[in-house]
Amino acid sequence: QVQLAESGGGLVQAGGSLRLSCAASGRTFSNYAMGWFRQAPGKEREFVAAISWSGGSTRYADSVKGRFTISRDNAKNTVYLQMNSLKPEDTAVYYCARSPTPYYIPNTFVSWGQGTQVTVSS
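Now for a description of the structure that goes with this document. (Residues numbered from 1 in each chain as written. Predicted model: local features only at pLDDT ≥ 70, side-chain atom pairs only at ≥ 80, totals over all residues. Heavy atoms only, no water.)

## Digging into the overall build of the protein
Per the secondary structure count, the protein includes 0 helices and 11 strands. Along its sequence from the N terminus, the protein presents helices and strands in the succession β-β-β-β-β-β-β-β-β-β-β. Its C-alpha atoms put the protein at 40 × 25 × 25 Å along the principal axes. Going through the 122 residues of the protein one by one, you find that 43% of them count as buried. For the protein, long-range pairs separated by at least 24 residues make up 57% of all intrachain contacts whose partners lie at least 6 apart in sequence. Distance from the positive charge centre (12 side chains) to the negative charge centre (7 side chains) of the protein: 7 Å. (Helix = DSSP H or I, 4+ residues; strand = E, 2+ residues; numbered from the N terminus. Buried < 20%, exposed > 50% of the residue type's maximum accessible area, 1.4 Å probe, protein only. Contact = heavy atoms within 4.5 Å. Lys, Arg positive; Asp, Glu negative; His and termini not counted. Charge placed at Lys NZ, Arg CZ, Asp CG, Glu CD.)

Printed below as a string of C-alpha cells:
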C-alpha cells in the first residue's frame, strides 16, 4: 500500500511562492496518476491539480491555472506542486493523493497524505 507524506508548506506573503513535495512509499508509484487537493477552514476539500503516471498529462482547477504547476519525478517517488503568485484565498491544508488509474479521473483518489498547511498573508 502506498503511503504519502507532504512537506513544504508554510507562511508566505501574497505574491510569494512555495513548492510542496509529496513523497510516496511503495514500488508502484509510477503506475498511477497523482493529485493535489486543498481544504480551507469551513470549506469542503477541493481539487487543485493532477498529473498522469508519466507526467505527460496535467489538469488544474481554474482557480490555480497559470499560477500552480504540478510535476513528478518517478525515480524519486515524488510529486511536486509549485505555487507562484500566491493569494490569501490559497490558504488551506494541502493534500496529495494517489489515483488507482494511470490517468486522472475525478473522484477516484484512494490514498491520501496527512496534509501540509499553507498560509498566505495579505
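## Brief notes about the state of the cysteines
The full count for this structure, using the stated rule, is 1 disulfide. Each sulfur of the disulfide joining Cys22 and Cys96 lies 1.9 Å from the other. Its S-S torsion of about 45 degrees marks the bond between Cys22 and Cys96 as right-handed, since a negative value means left-handed. Linking Cys22 in strand β3 (residues 18–24) with Cys96 in strand β9 (residues 92–98), this pair joins segments that are 74 residues apart in sequence. Neither Cys22 nor Cys96 differs from the other in exposure class; each is buried. (Disulfide = S-S within 2.5 Å.)

## Section: the pairing of strand β5 (residues 46–51)
Burial analysis of β5 places 5 of its 6 residues in the buried class, the great majority of the element. Sheet analysis places strand β4 (residues 34–39) next to β5, joined by 5 bridges and oriented antiparallel. Bridge pairing in β5 links Trp36 to Ala49. Counting the residues in the hairpin turn of β4 and β5 gives 6 residues, including Gly42, whose phi is positive at 75 degrees. Sheet topology note: the β5/strand β6 (residues 58–60) ladder contains 3 bridges and is antiparallel. Bridged to Ile51 within β6 is Thr58. (Pairing = 2+ DSSP bridges.)

## Brief notes about the environment of Tyr80
Looking at the secondary structure, you find Tyr80 in strand β8 (residues 78–83). Relative accessible area serves as the criterion here: at 12%, Tyr80 is assigned to the buried category. Each C-alpha atom, one on Tyr80 and one on Ala24, is 11 Å from the other, the two residues being 56 residues apart in sequence. Not counting residues up to four positions away in its chain, the partners in contact with Tyr80 are Arg19, Leu20, Ser21, Trp36, Thr69, Ile70, Ser71, Arg72 and Asp73.

## Points about the packing of aromatic side chains
Counted under the stated rule, the structure contains 6 aromatic pairs. Judged by centre distance (6.5 Å) and plane angle (55 degrees), the ring pair of Phe109 and Trp112 falls under tilted. The exposure class of Phe109 is buried, given its relative accessible area of 10%. On the accessibility criterion, Trp112 (29% relative accessible area) is partly exposed. (Phe/Tyr/Trp six-rings, centres within 6.5 Å; stacked < 30°, edge-to-face > 60°.)

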